[in-house]
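# Notes for the structure review
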Amino acid sequence: FCLMGVPGKVAAFHLPPLPTVGEIIKLFRLKAQKQLSQNFLLDLRLTDKIVRQAGELKNAHVCEVGPGPGGITRSILNAGVEQLLLIEKDARFIPGLQMLSEAAPGKVRIVHGDILTYKMDKAFPKHLKKNWEDEPPDIHIIGNLPFSVSTPLIIKWLENVSQKDGPFIYGRTQMTLTFQKEVAERLTANPGGKQRSRLSIMSQHLCTVEKCFIIPGQAFVPKPEVDVAVVHFTPLVQPKIQQPFKLVEKVVQSVFQFRRKYCFRGIETLFPENGRLKRTEQLMMTANVDPTLRPFQLSMSQFRNLCNTYRKMCDEDPSLFVYNYREELRQKKTMRNLLESTSQPEQTEEENQL
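Residues numbered from 1 in each chain as written. Predicted model: local features only at pLDDT ≥ 70, side-chain atom pairs only at ≥ 80, totals over all residues. Heavy atoms only, no water.

### Quick notes on the nonpolar core
The biggest cluster of nonpolar side chains holds 63 residues, and the ones touching the most others in it are W157, L177, F179, F233, I267 and L306. Sort the elements by how many residues they give to this core and helix α11 (residues 300-316) lands first, with seven residues. Beyond its immediate sequence surroundings of up to four residues, I267 is in contact with S254, V255, T280, L283, M284 and L306. (Core = buried A, V, L, I, M, F, W, Y, C linked by side-chain atoms within 4.5 Å. Buried < 20%, exposed > 50% of the residue type's maximum accessible area, 1.4 Å probe, protein only. Helix = DSSP H or I, 4+ residues; strand = E, 2+ residues; numbered from the N terminus. Contact = heavy atoms within 4.5 Å.)

The following block contains the structure:
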């Protein structure tokens, strides 16, 4: 690696001349795999732009998720980071990433593994830890996520934010990630917006969520059928709904189960059939929510009221929280099938006797 000597100033880090990302792809015969929803970003002006959205990275510790052929990786290294952790599931990309690692001695650590199962609570040095109320730590997560992983991964990380574990054991770690444009619109949608959804509530009650800019599909290789958006997350000091993640998720999922109908229709699914109507009315009256609003019209404070009231009802009747509407439907269907199958032979016996 070369250090630019500037008298009286700390020398800036720059990667030495390397094969381009396109040349690396040819050199190691890296073809994007459709079943893994892989799309490569080769334009270094765009990868630099993504990295700038993360904020000041000089001397920071960064985890890049799914670096692939290493386009964003180069931009992160050129930003002057202290340490870069690369987590890559696809073994085909490891040799190209090792080439980058050798070009930046002591800066890069490569993990061949799956981000969904990788334990991030030990990924960074302990001295970087900050109190939750303090400014975010000098730790960043950056990634051009495969579409198939992006939603389950952000839900997992939001749960980590709620519990202050995983990558958030160090404090309010910031994330800069790519999503399909439509998913990004859901993450950032306001009440009343067409894209307002479960993702909007789950992310916005825990983080400040900003849609930074759109990358047109043709910038990727191969070109996806949709455009891509870069989204930046900063965990909030205080969540907007102060209830356990699983409880908030259950209420929000239930409300959005019938997104085109009045919200009471979804809220009904929180309660067993026996006493459903009475309990639904009780919840909505106590939470002061108009039952004729559509799910996407509800404000964050209305969701907070619903969650707080539902929590009180669960405290009074602990069996409520474990109740599962879909499970009840499944059991009813199984019972119906069982009754139909046992009544069938009796009919044929009668027919035989006749």
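There is more to say, and it comes next.
### Quick notes on unusual backbone geometry
A positive phi is found at N59, a non-glycine position, where the angle reads about 65 degrees. Topologically, N59 is positioned in the loop between α2 (44-53) and β4 (61-65). Note on N59: relative accessible area 46%, which makes it partly exposed. Not every positive phi belongs to a glycine, and K164 is a case in point at roughly 55 degrees. Residue position: K164 is located in the loop between α5 (147-163) and β8 (174-180).

### Considering the sheet that holds β8
Ordered by their spatial adjacency, seven strands build an open sheet running β6-β5-β4-β7-β8-β11-β9, and the pairing between neighbours is mixed. The outermost strands of the open sheet, each flanked by one partner alone, are β6 (108-112) and β9 (207-215). Ignoring which end each strand starts from, the neighbouring axes of this sheet average 20 degrees apart. Pairing geometry for β4 and strand β7 (residues 139-143), over five bridges, is parallel. Its bridge partner lying in β7, V65 is registered against G143. Packed on one face of the sheet, helix α4 (residues 94-103) meets β5 (83-88) and β6 and runs near 165 degrees to β6. (Pairing = 2+ DSSP bridges. Axes fitted to C-alpha atoms, helices over the stretch in contact; angles between N-to-C directions.)

### As for a nonpolar patch on the surface
A cluster of nonpolar side chains, M335, L338 and L339, forms an exposed patch at the surface whose accessible area comes to about 330 Å². Relative to the assigned elements, M335 resides in helix α13 (residues 325-353). (Patch = residues over 30% accessible without salt bridge, like charges linked within 9 Å, V, L, I, M, F, W, Y side chains within 5 Å. Areas by Shrake-Rupley, 256 points an atom, 1.4 Å probe, with all protein chains shown as cover. Salt bridge = Lys/Arg side-chain N within 4 Å of Asp/Glu carboxyl O.)

### Quick look at the UniProt feature "binding site: S-adenosyl-L-methionine" (unreviewed entry) in the protein
In this numbering, the UniProt entry assigns the feature "binding site: S-adenosyl-L-methionine" (unreviewed entry) to N39, L41, G66, E88, D114 and N144. Here E88 lies in strand β5. Using a relative accessible area of 5% as the deciding quantity, one classes E88 as buried. Discounting chain neighbours no more than four positions away, the residues touching E88 are G66, P67, G68, F93, I94, L97, V111, H112 and G113. Polar side-chain contacts of E88 include one of 2.8 Å to the backbone nitrogen of G68. Relative to the elements of secondary structure, D114 occurs in the loop between β6 and β7. (UniProt positions renumbered as here; feature names shortened; annotations may be inferred. Polar contact = N/O pair within 3.5 Å; in protein donor to acceptor, adjacent residues only side chain to side chain.)

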